[in-house]
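Okay, here's what each chain looks like letter by letter:
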Amino acid sequence: MLDGHRFRHLFRVIICSLFLFFGFGGLLYSVSVCRAQRTYLRNKYGFFRGTSLEVPKQSDADAAARDLRAVSSSYESNYYFPAYVAMLYLQALNSATNWAEYVSARDGALYYSREAVALNPYYDEARYARLYALMAAEQFTEAIAYWKTVVDLEYWVPEHHNEYAKILLREGSSTSLTEAAKERSLVSDRALKARLQKMAKLFSLP
């Protein structure tokens with residue numbers, strides 16, 4: 001049987017050991033998160049710009065994706081990084097020289113934009129990356145449905161209505177064109193508003 005003194009001593013040792021254990025674990029986690037964030041910042045912005053020590057930002061989507069995969073387990077909630085990688089793949093679509101490169105860039109944009117919005121559905125760069133990826137894949141039904149959720153969440157933002165009307169016009173069905181015309185009072189783009197107003201007259205909308 002332990003007497004009171006020995007019990008208190010043992011209790012203190014156990015508590016101190018737990019503090020050390022969790023403190024060391026927290027330190028390791030902090031270091032891994034800092035490493036992941038540093039990798040993201042290096043990819044998106046580079047370091048020491050304009051100096052002899054400059055580290056240029058990453059513009060190659062595949063290389064950025066490799067860096068993301070290398071640190072994703074260290075900081076799984078970093079939604080900035082997959083959103084940036086998705087945007088790089090969208091840029092790569094414009095420079096693709098053959099169908100295989102185009103498909104690879106398109107699929108990369110779809111994958112990483114889905115990862116980004118899953119982590120934070122309110123982050124604008126992730127939202128637009130997801131929208132443009134769906135549009136690039138000509139998944140218009142999915143793009144319309146997705147952006148409608150964004151519009152419904154933040155109905156007061158005119159830029160969301162601009163994008164929504166543009167998607168509907170791009171899809172081009174009679175139903176979508178009618179729906180786009182209904183957005184005329186909500187868009188902020190003057191040229192788009194004028195076009196939608198003409199369509200509303202054509203469709204005899206109130």
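The notes below deal with the structure included here. (Residues numbered from 1 in each chain as written. Predicted model: local features only at pLDDT ≥ 70, side-chain atom pairs only at ≥ 80, totals over all residues. Heavy atoms only, no water.)

Secondary structure assignment for the protein yields nine helices and zero strands. In the protein, the succession of α and β elements from N to C terminus is α-α-α-α-α-α-α-α-α. Taking all 206 residues of the protein together, the buried fraction comes to 40%. (Helix = DSSP H or I, 4+ residues; strand = E, 2+ residues; numbered from the N terminus. Buried < 20%, exposed > 50% of the residue type's maximum accessible area, 1.4 Å probe, protein only.)

This paragraph deals with the layout of surface pockets. Space inside the second largest pocket adds up to approximately 180 Å³. If you go around the second largest pocket, the residues you meet are Ser59, Asp60, Ala61, Asp62, Leu88, Tyr89, Ala92, Ser95, Ala96, Glu101, Ser104 and Ala105. Listed by contribution, the elements that provide at least two residues to the lining of the second largest pocket are helix H2 (61–71), helix H3 (80–95) and helix H4 (99–119). By residue number, the principal contributor to the lining of the second largest pocket is H3, which donates four residues. Class assignment for the residues of the lining of the second largest pocket results in six nonpolar, three polar and three charged. (1 Å grid on protein atoms, 1.4 Å probe; cavity = no way out; pocket = protein on both sides within 12 Å on 5 of 7 lines; lining within 4 Å. Points joined across faces, edges and corners; volume = space filled by probe spheres on them. Nonpolar A, V, L, I, M, F, W, Y, C, P; charged D, E, K, R; others polar.)

What follows is about the side chain of Glu163. Take Glu163: it is sitting in helix H7 (residues 158–171). Among buried charged residues, Glu163 stands out as having no salt bridge; its nearest opposite-charge side chain is Lys166, 4.5 Å away. (Lys, Arg positive; Asp, Glu negative; His and termini not counted. Salt bridge = Lys/Arg side-chain N within 4 Å of Asp/Glu carboxyl O.)

Let us look at the environment of Glu171. Its place among the elements puts Glu171 in helix H7. The exposure class assigned to Glu171 is partly exposed, which follows from its relative accessible area of 28%. Measuring from C-alpha to C-alpha, the distance between Glu171 and Gln139 comes to 9.3 Å, with 32 residues separating the pair along the chain. Of note is the side chain of Glu171, whose polar atom sits 2.6 Å from the side chain of Ser176. (Polar contact = N/O pair within 3.5 Å; in protein donor to acceptor, adjacent residues only side chain to side chain.)

For the pair H7 and helix H9 (residues 190–202), interaxial distance at closest approach is 11 Å and the crossing angle is 55°. For the element pair H7 / H9, the angle class is oblique. In terms of crossing hand, the pair formed by H7 and H9 is left-handed. Along its contact with H7, which presents Asn162, Ala165, Lys166 and Leu169, the element H9 presents Leu192, Arg195, Leu196 and Met199. Among the residues making up the contact of H7 with H9, the classes are represented as five nonpolar, one polar and two charged. (Axes fitted to C-alpha atoms, helices over the stretch in contact; angles between N-to-C directions. Parallel < 35°, antiparallel > 145°, perpendicular 65-115°, else oblique. Left-handed = near helix turned anticlockwise from the far one by under 90°. Contact = heavy atoms within 4.5 Å.)

Right, let's talk about the packing of aromatic side chains for a bit. Each aromatic ring pair is summarised here by two numbers: the centre-to-centre distance and the angle between the ring planes. With the rule as written, the count across this model stands at nine aromatic pairs. Between Tyr128 and Trp147 the ring centres are 5.1 Å apart and the planes differ by 50°, which places this aromatic pair in the tilted class. With Tyr128 in helix H5 (residues 124–136) and Trp147 in helix H6 (residues 140–153), the pair connects residues that are 19 residues apart, well separated along the chain. Judged by relative accessible area, Tyr128 falls into the buried class, the value being 16%. Classification of Trp147 by relative accessible area gives buried; the value is 0%. Here the aromatic cluster, defined as three or more aromatic residues joined through ring pairs, consists of Tyr128, Tyr132, Tyr146 and Trp147. (Phe/Tyr/Trp six-rings, centres within 6.5 Å; stacked < 30°, edge-to-face > 60°.)

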